[in-house]
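Summary of the model geometry
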Amino acid sequence: MMPLVFTLLCLCVLKMGGFSSSVTQATVQSDIQCHDWGVWSKGSVRVYDGEVAYLYCPLFSYPTLYSYSQTQNSSLSLLWYRHTHTHELEQPINFKLHTLHKDREYLWIQPASAQDAGLYICMLRNISSCVKIGVELKVVQKEGECDRAQPHLNLTIPLQSERTLTCPDLNTLTLPNSTHSVSWYHSCRFNLFRGDRELKGDDLVIYRMMVPYTGLYTCVVSYQMNGRMLQFTRNINVITVVPDAGSKVPIILNPASDQIYTVTLGDTAKLSCRVHLPHLYEEKQHIWWTIDNKTVEQLADPRFSSPEATLVSYDYGDEVKERVLNVMDFSADDLQREFNCSARNSRGFNTIRAVLKSEPYVPTLELGCGLGVTLALMLMMFVIYHVFWLELLLLYRSWFGSDERYTDDKQYDVYISYARNSEEEEFVLSTLRRVLETEFGYSVCIFDRDSLPGGTITDDTLRFVGQSRRLVVVVSPCSAVRGTQALLELQAGLTSMLHGGSLRVVLIQFKPVQRKSWVKELRRARLALTLIRWKGEKSTPLSSRFWKQLQLELPMRRNTQHTQTQLPDITQHTPDTHTQNTRQAEEKLIDPYSTSAL
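Quick notes on the rules
Residues numbered from 1 in each chain as written. Predicted model: local features only at pLDDT ≥ 70, side-chain atom pairs only at ≥ 80, totals over all residues. Heavy atoms only, no water. Helix = DSSP H or I, 4+ residues; strand = E, 2+ residues; numbered from the N terminus. Disulfide = S-S within 2.5 Å. Buried < 20%, exposed > 50% of the residue type's maximum accessible area, 1.4 Å probe, protein only. Pairing = 2+ DSSP bridges. Salt bridge = Lys/Arg side-chain N within 4 Å of Asp/Glu carboxyl O. Axes fitted to C-alpha atoms, helices over the stretch in contact; angles between N-to-C directions. Patch = residues over 30% accessible without salt bridge, like charges linked within 9 Å, V, L, I, M, F, W, Y side chains within 5 Å. Areas by Shrake-Rupley, 256 points an atom, 1.4 Å probe, with all protein chains shown as cover. Phe/Tyr/Trp six-rings, centres within 6.5 Å; stacked < 30°, edge-to-face > 60°. Lys NZ or Arg CZ within 6 Å of the ring centre and 35° of its normal. pLDDT = per-residue confidence, 0-100. Contact = heavy atoms within 4.5 Å.

**So, unusual backbone geometry**
With an omega dihedral of -5°, the bond running from Gln110 to Pro111 counts as a cis peptide bond. With an omega dihedral of 15°, the bond running from Asn254 to Pro255 counts as a cis peptide bond. Within the secondary structure, Pro255 sits in the loop between β19 (251-254) and β20 (260-264). Its identity is not glycine, yet Gln160 carries a phi of approximately 65°, on the positive side. Here Gln160 lies in the loop between β11 (153-158) and β12 (163-165). In this model, Asp329 sits at a positive phi of 50°, which is unusual for a non-glycine residue.

As structure tokens, then:
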């Protein structure tokens, strides 16, 4: 009969909860199968290092099923074991140690140290039955006079009410032939507790609860035992709540009576139910949605979902909670449904219907993505144009530009004007002329090379300039000086442009020139003409910016591969004859050449 009663007791304890693992079979120092109920999740003990700790055997948690006196009468023995990380099996507790003491269903450690932390197992057994359960002991360091760690007790006290605070576990302590004292702290500060709070014996009486009296209360119990001063600490968290007065019926804040929910067909609708829940002691209050008088669970439609209510605000126990109803792929038929927000507690029930209306679907996401892609493309095109604008213009001309050779009867593509000195002459003849003729395929006219002896410089200059499509003027400190061939060529080009001719003038800055040293014709022309800067070695490669800018200003050629152009025999002059002709041409100039002479 006794094993049957013991088995029923174990099943009842398992059903009522409080255990963290299932039943396993183990053999403890005998052949009896011992029912192991694992570790009691609600019985973890946390104690400060150097203070008293006591462990309560969870097998006696339900006196209606089993008590310590019944254990003694039924020949069951209560045994304590300890399990540490250094041993795989439970080790019997040595009660000969002066710090360990067994009192009925309690195990006292007076005091506890860090070495005492671990898993303690209490076992009830006799010849035919055995059951055991574990309790975990944590030993932590105390920070200051009190510790704001997890309190041992949470206590709610209504405003303006009276309440007596008793130090937890004080009644459990048995102190034969000894006295004890209790010290109280509020918010970790020692307080004399005058006025609305008063110490009466071991208790703290609050005659009228007020907001400043909320917070953490700490009681420290001190006593002597076997010539040693011992103590233990307990924390009580006091929470102030509103008095239990009034109707206390839930109040639905949202949806309001004049509120209309706007939903979009085809989109997910979110309907909010926000309720004010008055404080009720240890009572769970309920908030839910119904669709056509059916809850979401009863409807069993995957389009409808409603997560648990979330806390919006807390005010002295009164709460405002919100529960959302999600309706995926909202349709026109859903507008005909009845959506109700409801709330209930022990004091009453309240419900309000949500009013819905639809609005046209605006593809905000699609429009936003389209606008974003458009802006990104525009930005990318702007960056590409800013970096490669020369290449793009040259590419456009190669596709859609027209060759001027087929639209006019001019003989030369380019006429080069420069100051007659060794440095500029070398740049024009060895670099500029070579690239334009050999690489780009232009027909180039250079007066000193292409003019015939015996002619008039003014007439020949005007004729050559008039037969050219572009006038390239190499600007340097020596160019455009009064009485020089270069100034005559510049004046001829500008006159042709002013009278509506098809000639275009392009300026190449060979060396930096201060603007004040320019002649007035060049200063005026600079405002309307393109200036391309030669930067020495940096501009030498054909892929440099200089040659791309220059090619953009010159006539378009679809085929950049140049076939050797037949030049007049006069280009075969020896260097001595060429230099002599140049010097003779410059001596014939009259200073200055007036505009009327052109």
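What follows picks up the thread again.
**Comments concerning the state of the cysteines**
For the structure shown, the criterion picks out four disulfides. Each sulfur of the disulfide joining Cys34 and Cys130 lies 2.0 Å from the other. On the S-S bond that ties Cys34 to Cys130, the torsion sits near -65°, and the link is left-handed. Residue Cys34 is located in strand β2 (residues 33-39), and its partner Cys130 is located in strand β10 (residues 130-140); the two are separated by 96 residues in the primary sequence. Using a relative accessible area of 3% as the deciding quantity, one classes Cys130 as buried. Covalently, Cys167 is tied to Cys219 through a disulfide, its sulfur atoms 2.1 Å apart. Its torsion about the S-S bond being 75°, the disulfide of Cys167 and Cys219 is classed as right-handed.

**Re the pairing of strand β27 (residues 339-345)**
With six of its seven residues buried, β27 lies for the most part within the structure. Of the pairings in the sheet, the one linking strand β22 (residues 286-291) to β27 comprises six bridges and is antiparallel in character. The residue of β27 that forms the bridge with His286 is Arg344. Of the strand pairs in this sheet, β27 and strand β28 (residues 348-359) are connected by seven bridges, and their pairing is antiparallel. Bridge pairing links Ser342 to Thr351 in β28. In textbook terms, the turn of a hairpin is the stretch between consecutive antiparallel strands, and for β27 and β28 this stretch comprises two residues.

**Focus on the pattern of salt bridges**
Once their charged atoms are close, side chains differing in charge can pair, the charge on each being opposite to the other. Counting across every chain of the model gives 23 salt bridges. Arg234 serves as the salt-bridge partner of Asp169, at 2.7 Å between the closest nitrogen and oxygen. On the criterion of sequence distance, the pair formed by Asp169 in the loop between β12 and β13 (180-186) and Arg234 in strand β18 (residues 228-241) is long-range, its members being 65 residues apart. By relative accessible area, Arg234 is classed as buried at 7%. A salt bridge links Arg470 to Glu404; the nearest nitrogen and oxygen atoms lie 2.9 Å apart. In this pair, Arg470 is assigned in strand β31 (residues 468-475) and Glu404 in the loop between α4 (364-400) and β29 (412-417), connecting sequence segments 66 residues apart. Residue class for Glu404 comes out partly exposed when judged on its relative accessible area of 22%.

**A closer look at the sheet that holds strand β7 (residues 100-103)**
Spatial strand order, β4-β8-β7: three strands in an open sheet with antiparallel pairing. Strands at the two margins of the open sheet, each flanked by one partner only, are β4 (53-56) and β7. With strand direction ignored, the average angle separating the axes of adjacent strands in the sheet is 20°. Pairing analysis gives four bridges linking β7 to strand β8 (residues 106-109), with the strands arranged antiparallel. Residue pairing across strands places Asp103 opposite Tyr106, the latter belonging to β8.

**What about a nonpolar patch on the surface?**
On the surface, a nonpolar cluster with roughly 1000 Å² of combined accessible area is contributed by Val373, Leu377, Leu379, Met380, Phe382, Val383, Ile384, Tyr385, Val387, Phe388 and Leu392. Taking the relative accessible area as the measure of exposure, Leu379 reaches 54% and is therefore exposed.

**A few points about the packing of aromatic side chains**
Aromatic ring pairs are reported here in terms of the distance separating the ring centres and the angle at which the planes meet. For the structure on display, the rule yields 16 aromatic pairs. Between the aromatic rings of Phe440 and Trp547, the centroid separation amounts to 6.3 Å while the plane-to-plane angle is 70°, which identifies the pairing as edge-to-face. A residue pair is termed long-range when its members are at least 10 positions apart, and Phe440 in the loop between α5 (422-439) and β30 (444-445) and Trp547 in helix α10 (residues 545-553) qualify at 107 residues. Like Phe440, the residue Trp547 is buried in the burial classification. Residues Trp534 and Trp547 carry aromatic rings whose centres are separated by 6.1 Å and whose planes lie at 80° to one another, so their mutual orientation is edge-to-face. Of this pair, Trp534 sits in the loop between β33 (530-533) and α10 while Trp547 sits in helix α10, and the two are 13 residues apart along the sequence. For Trp547, a relative accessible area of 0% gives the class buried. One aromatic cluster is present, built from ring pairs that chain together Phe427, Phe440, Tyr442, Phe510, Trp534, Phe546 and Trp547. Over the face of the ring belonging to Tyr418 we find Arg420, whose NZ or CZ atom lies 4.5 Å from the ring centre. Across from the ring centre of Phe464, 4.5 Å away, lies the NZ or CZ of Arg463, which sits over that ring.

**A closer look at the confidence of the model for the chain**
On average, residues of the chain score 79 in pLDDT, and 80% of them reach the 70 mark or higher. The model gives residues 560-598 a pLDDT under 50, and that stretch makes 45 contacts with residues more than four places away or in other chains.

**Focus on the sheet that holds β30**
The five strands lie next to each other as β30-β29-β31-β32-β33, forming an open sheet whose pairing is parallel. What marks the edges here is a single partner per strand, and that holds for β30 and β33. Judged from the two bridges that link them, β29 and β30 form a sheet pairing that is parallel. If you follow Tyr415 over to β30, its bridge partner there is Cys445. Against the sheet, helix α7 (residues 457-466) contacts β29, β30 and β31, and its axis sits at roughly 135° relative to β29. The sheet strands contacting α10 are β31, β32 (504-509) and β33, and the helix crosses β33 at an angle near 155°.

**Quick notes on the environment of Gln285**
In this fold, Gln285 is placed in the loop between β21 (269-277) and β22. On the accessibility criterion, Gln285 (14% relative accessible area) is buried. Note: C-alpha distance between Gln285 and Asn345 (60 residues apart in sequence) is 4.9 Å. Other than its neighbours up to four places away in sequence, Gln285 contacts Pro250, Leu277, Pro278, Leu280, Arg344 and Asn345.

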